[in-house]
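Examining the three-dimensional arrangement
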Amino acid sequence: MTDSSLTKAIDLQTHSVWQQLYRSQPFWVTIAAIGLCVVLSWAGTDSRGEQVFFTAQNFNNVALNFSFIGIIAIGMTAVIITAGIDLSVGSVMGLSGIATGLTLSSGYGVEAGIAAGLLTALACGLVNGFLISYVGLSPFVVTLGMLSICRSLALVVSNNKMFYEFGPDEDLFVSIGGGSYFGIANSLVLMLILTIFLGFMLNYTAWGRHLYAIGSNENAATMTGVPVKAVKMSAYLFCSLTAGMSAIMIVGWMGSVTNALGMIYELRVIASAVIGGADLMGGVGSAYGALIGSFLVELIRNGLLMAGVDPYWQGTFVGLFIIFAVALERIRSHRSS
Amino acid sequence: MNSYSQENQSKSVFLDLRNISKSFGAIEALKGINMQLFAGEVVGLMGDNGAGKSTLIKILSGNYQPTSGEMYLEGHPQQFNRPVDARTHGIEVVYQDLALCDHLTAAHNVFLGREKKKWLGPLRILDNKFMFSKAGEIFAMLKSETRPRDLVKQMSGGQRQAVAIARTQLSSPELVLMDEPTAAISVRQVSEVLGLIKRLQSQGVGVLLISHRMPDIFTVCDRVVVLRRGEKVADKHISETSQDEVTGLITGALESA
C-alpha cells in the first residue's frame, strides 16, 4: 500500500455527513423542536388574535424552565452513557436546596450557602458512586434508596419549614439564580457552559471515551485497563453535582425553598436525556442531545399551555413523546443495520 | 519428545514453563505442565473441553496464578499477578469474546485504556489524529481492510478480529495469546484471521493459538501441543504429525506421542 492510499484509508469514513445526521437522534429532535415552534407561532394566539407564544416574555419562561431541567440532564447523560441511571437527582436537588436555604437564613454569606448546597450534592453522589462502582450494587436500587433518603432528610433538616430569608447576602444570592447576563438568564448561561463542558469531555478526553467504553462493554473496558470503578464513580459525582447546581439556581430564582423542591424532577430529567438520544442500554448519548431533549420537553409543556389544553394532559403528551422517540430510534437503527 | 526444541537451539526460549499446576478446590485443571515457547514461533494448543487450555492461557496472561510450578521469561523467573503485568512483559492477549466496545471506533478500541494524549494549554486531551493514523498503519501492516474511523458495531466477524489483534500491536509484543479466534465466524473470515496470524509471524511475533479447528492449526502453526485432562500428552513439530494422530491424542485413543 502506498502512502497516499494509506492516508486515504485512514481518512475514509463509511458514512457521509447526511447519513450520520440521519442516524442521529438529536438531529431529529432538533427538527421536531423547530417544527413545533413553527406550529406554535401559527397556532399560539389568544382570543383577540394576539401572539402569545412568540413573545420575549414566553421565550424567557421557556428558557428558564428548561435550563433547570437541562442542567441536570447534562449530568444524567454522563451516567446513562455508562449504562447506569440516577433516580435520586430530584431528591438530591431538594436536599441541596434546603442545605443552601438553611445556611443562608442562619446568617452565613453566599459562598457558604453555595458551598453547603454543592457539598451536600457531592456527598450524595459519593455514596451513590461508591455503592454502585466499588460495592457493585445495581444503580437502579441504590439511587432509588437515595431518592427516599434525601427526600426524608430534607424533611428532617427543614422541619417542614419554608426558607425565604437568605441572610446578609440575600440580594446577591437572588441575583445569581434569577439574574441575567446580556439578557440571557443566568441558569441558561450555566446550562450552555455545562453543555460545552460535557461535549468537550466526551469527545476530546480519555474520560469521555471511557464512559462510552464502560457503557458498551464494561468487561472489555476492565480487561483493557480502563479504571472502570473510578470513571463510574465520577459520573455519579458529576450527576449529583449538576443537581446541586440546579438547586442553587432555582432557589435563587424562586426566592424561597421548601422540602418539596425537585419532586419528581428525576422523571423529567431522564425523559429529557432519553429523548435527546441517550440510550439506557449504555454507550450512546451526547451533551447537545441533553440540551435539545430538555428543550423539546419544555416546548411541549409550554405549547400545550399556550394552546389552552388542560394542564392535566401534559404528562400524557410528554409520556407519548418519550415512547415515540425511543421507538423511532429502534426503527432507524433496524433499517440502517 | 522435544525433537523440535533440539533442532531450534539457536532460537531463544521466550517463555519456559516448569511443572505448572493449577487446582480449583479438588479439581486439578493443570497437572505439572512443562512447556517452552520460542521467540517468533506459532504454537497450536489443542485439547478437548476441560483439558486445561483456557486455564493455561489465563495463567500466561496474569488472570490466574499457578498453584505450583515456575515460569521463566527469557531465563528469569517471573510471576504475573495482574493482566497488566503480562502486558508490560510483552505478552498480549486476544480474548475469546474480543473485548471490544461496539459504540467506539476501531481506532478508539485499539487504543482503549492506552489512549494517546497531547497537551492543549493546561489540558490533556486525546490525540485523535495520531490514534486514527497509527491504527490505520497497523491495519495496513496486517493487510486488513478495516477502517480506523468505523464503529465496531458495523463490522464483520473478521474485521472485529482484526481490531482485537491490532490492539496487541501497539506495544510490539513478543507473544500474542489467542483464544479460539476462528470460532463462530464464517469460512471466508477464517482465512482472513489465519492471514492475520501469518502476518504477526512474519513480524517476528510469537503466537500461542487455541483452536478446536484442526485445519487452522495445520495451516499456520509450527508446532502443536496437546493437553488431555490437565496433562501434556504431545508436543510435536507440525511436519512430524498428522491430523489423525492429533485427533487420537485429543480424544485419548492414543495415549501419548
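Keep in mind the model is a prediction, meaning the values are calculated, not measured.

Here we take up the overall build of chain A. Across its full length, chain A carries 15 helices and two strands. Its C-alpha atoms put chain A at 75 × 60 × 35 Å along the principal axes. Relative to its 337 residues, chain A shows a buried fraction of 48%. When contacts within chain A are restricted to residue pairs at least 6 apart in sequence, those whose partners lie at least 24 apart make up 76%.

Okay, the overall build of chain B next. Counting its secondary structure elements, chain B contains nine helices and twelve strands. For chain B, whose C-alpha radius of gyration is 19 Å, the value lies close to the compact-globule estimate of 18 Å for 257 residues. Viewed in the frame of its principal axes, chain B has a C-alpha envelope of about 65 × 40 × 40 Å. Residues classed as buried in chain B amount to 47% of the 257 residues present. Considering only contacts in chain B between residues 6 or more positions apart, those separated by 24 or more positions represent 66%.

Here we take up the domain arrangement of chain B. Residues and elements named next belong to chain B. In terms of domains, chain B is made up of domain 1 (3-90 + 173-251) and domain 2 (105-172). Centre-to-centre separation of domain 1 and domain 2, based on C-alpha positions: 27 Å. Taken together, the contacts link twelve residues of domain 1 with twelve residues of domain 2. Residues of the side of domain 1 that touches domain 2, tallied by class, amount to seven nonpolar, three polar and two charged.

Our next topic: the pairing of strand E12 (residues 231-237) of chain B. All names here are of chain B. Relative to E12, strand E11 (residues 223-228) runs antiparallel, the two sharing six bridges. Pairing of Arg 223 across the sheet is with His 237, part of E12. Linkage of E11 to E12, two consecutive antiparallel strands, is achieved through a turn of two residues, within which Arg 229 is found at a positive phi near 50 degrees.

Residue and element names in this part refer to chain B. On average, chain B scores 88 in pLDDT, and the residues at 70 or more come to 96%. Looking over chain B, one finds the lowest element-wise mean pLDDT in helix H1 (residues 3-7), namely 47, and the highest in helix H4 (residues 106-110), namely 95. Overall, residues 1-8 carries pLDDT values under 50, and its contacts beyond four positions in sequence, including any with other chains, amount to nine contacts. Among the scores for the predicted complex, ipTM is 0.83 and pTM is 0.87.

The strands that make up a sheet are held in pairs by hydrogen bonds between backbone atoms, and each pair lies either parallel or antiparallel. Residues and elements named next belong to chain B. A sheet is described by the order of its strands in space; here four strands give the open sequence E2-E1-E4-E5, paired in antiparallel fashion. The strands lining the two open edges of the sheet, one partner per strand, are strand E2 (27-38) and strand E5 (76-77). Across five bridges, strand E1 (residues 13-24) lies against strand E4 (residues 68-73) in antiparallel orientation. Within the sheet, the bridge partner assigned to Ser 21 lies in E4 and is Ser 68. Here helix H2 (residues 53-60) sits on the sheet and contacts E1 and E2; the angle it forms with E2, its principal contact strand, is near 60 degrees.

Turning to the interface of chain B and chain A, a few remarks are in order. Taken residue by residue, the interface counts 26 residues in chain B and 25 residues in chain A. Mapped onto the side of chain B that touches chain A, the elements with two or more residues apiece are helix H3 (83-88), strand E8 (123-126) and helix H5 (128-141) of chain B. Class assignment of the residues belonging to the side of chain B that touches chain A gives a composition of 13 nonpolar, six polar and seven charged.

Before going further, it helps to spend a moment on the environment of Ser 68 of chain B. Residues and elements named next belong to chain B. Inspection of the secondary structure assignment puts Ser 68 in strand E4. For Ser 68, a count of 11 C-beta atoms within 10 Å translates into the label exposed. Taking the C-alpha atoms as reference points, Ser 68 and Leu 126, 58 residues apart in sequence, are found 43 Å from one another. Once residues within four sequence positions are removed from consideration, Ser 68 is found in contact with Asn 19 and Ser 21.

What follows is about H5 of chain B. Structurally, the α-helix is built with 3.6 residues per turn, so residues lying three or four positions apart point the same way. All names here are of chain B. Compared with the 20 Å implied by 1.5 Å per residue over 14 residues, the 20 Å span of H5 between its first and last C-alpha is a close match. Of all the residues in H5, the buried ones are Asn 128, Met 131, Phe 132, Lys 134, Ala 135, Gly 136, Ile 138 and Phe 139. Immediately downstream of H5, the backbone of Lys 143 shows phi near 55 degrees, a positive value.

Residue and element names in this part refer to chain A. The terminal C-alpha atoms of helix H14 (residues 287-306) lie 29 Å apart, and with 20 residues this matches the ideal 28 Å at 1.5 Å per residue to within 8%. Of all 20 residues that make up H14, 16 are buried, and the element is covered over most of its length. In the stretch just after H14, Gly 308 is the one whose phi turns positive, near 80 degrees.

With a phi angle near 50 degrees, Ile 264 of chain A is a residue other than glycine that sits in the positive phi range. Within the secondary structure, Ile 264 of chain A sits in the loop between helix H12 (228-254) and helix H13 (265-275). Overall, the presence of 12 C-beta atoms within 10 Å leaves Ile 264 of chain A in the exposed class. Unusually for a residue other than glycine, Leu 98 of chain B sits at a positive phi of about 70 degrees. Structurally, the position occupied by Leu 98 of chain B is in the loop between strand E6 (91-94) and H4. Classification of Leu 98 of chain B as partly exposed rests on a count of 19 C-beta atoms within 10 Å.

What follows concerns the sheet that holds E11 of chain B. Residue and element names in this part refer to chain B. If you trace the six strands from one edge of the open sheet to the other, you get E6-E9-E10-E3-E11-E12, paired in mixed fashion. The open sheet has two edge strands, E6 and E12, and neither has a second partner. Pairwise comparison of adjacent strand axes, ignoring direction, gives a mean angle of 20 degrees for this sheet. Seen against the sheet, helix H9 (residues 243-251) touches strand E3 (42-46), E11 and E12 and runs at an angle of roughly 25 degrees to E11.

Let's shift gears to the nonpolar core. Ranked by internal contacts, the top residues of the largest apolar core, which has 164 residues, are Met 76 of chain A together with Leu 177 and Leu 209 of chain B. At 16 residues, the largest contribution of residues to this core is made by H12 of chain A. The two domains that each donate at least three residues to this core are domain 1 (3-90 + 173-251) and domain 2 (105-172) of chain B. Met 76 of chain A has contacts with Asp 86, Val 89, Cys 239, Val 269, Ile 270 and Ala 273 of chain A, leaving out every residue within four places of it along the chain.

Within the element layout of this structure, Thr 30 of chain A appears in helix H3 (residues 25-43). Taking the C-alpha atoms as reference points, Thr 30 of chain A and Glu 298 of chain A, 268 residues apart in sequence, are found 13 Å from one another.

Our focus in this paragraph is the environment of Leu 40 of chain A. With respect to the helices and strands, Leu 40 of chain A occurs in helix H3. Apart from residues no more than four positions distant in its own chain, Leu 40 of chain A is found in contact with Phe 53, Gly 303 and Met 306 of chain A.

The rules behind each value
The numbering scheme is per chain: residues are counted from 1 as the chain's sequence reads. Ligands are numbered from 1 and chains lettered from A, in the order in which they are written. It should be noted that, the model being predicted, local features are given only for residues of pLDDT at least 70 and side-chain atom pairs only at 80 or more, the latter also being counted only at that level, while totals for whole chains, interfaces and linings use all residues. A run of DSSP states H or I qualifies as a helix once it reaches four residues; a run of E qualifies as a strand once it reaches two. Both are numbered from the N-terminal end. Counting other C-beta atoms within 10 Å of each residue's C-beta, where C-beta atoms are placed from the backbone, gives the exposure class: buried for 20 or more, exposed for 12 or fewer, partly exposed between. Throughout, a pair of residues is in contact if the C-beta atoms placed from their backbones lie within 7 Å. C-alpha atoms define the radius of gyration, and 2.2 Å times the number of residues to the power 0.38 defines the globule rule. Domain start and stop points were drawn from an automatic or database domain assignment. Each residue receives one of three labels: charged for Asp, Glu, Lys and Arg, nonpolar for Ala, Val, Leu, Ile, Met, Phe, Trp, Tyr, Cys and Pro, and polar for the others, Gly being one of them. Two strands qualify as a pair provided DSSP detects at least 2 bridges between them. pLDDT: the predictor's confidence for each residue, scored from 0 to 100. Simply put, an axis is a line fit to the C-alpha atoms, just over the touching stretch for a helix, and the angle between two N-to-C directions goes from 0 to 180 degrees. One fewer than the residue count of a helix, multiplied by 1.5 Å, yields its expected span. The term nonpolar core refers to a group of buried residues, namely Ala, Val, Leu, Ile, Met, Phe, Trp, Tyr and Cys, whose C-beta atoms join them within 7 Å.

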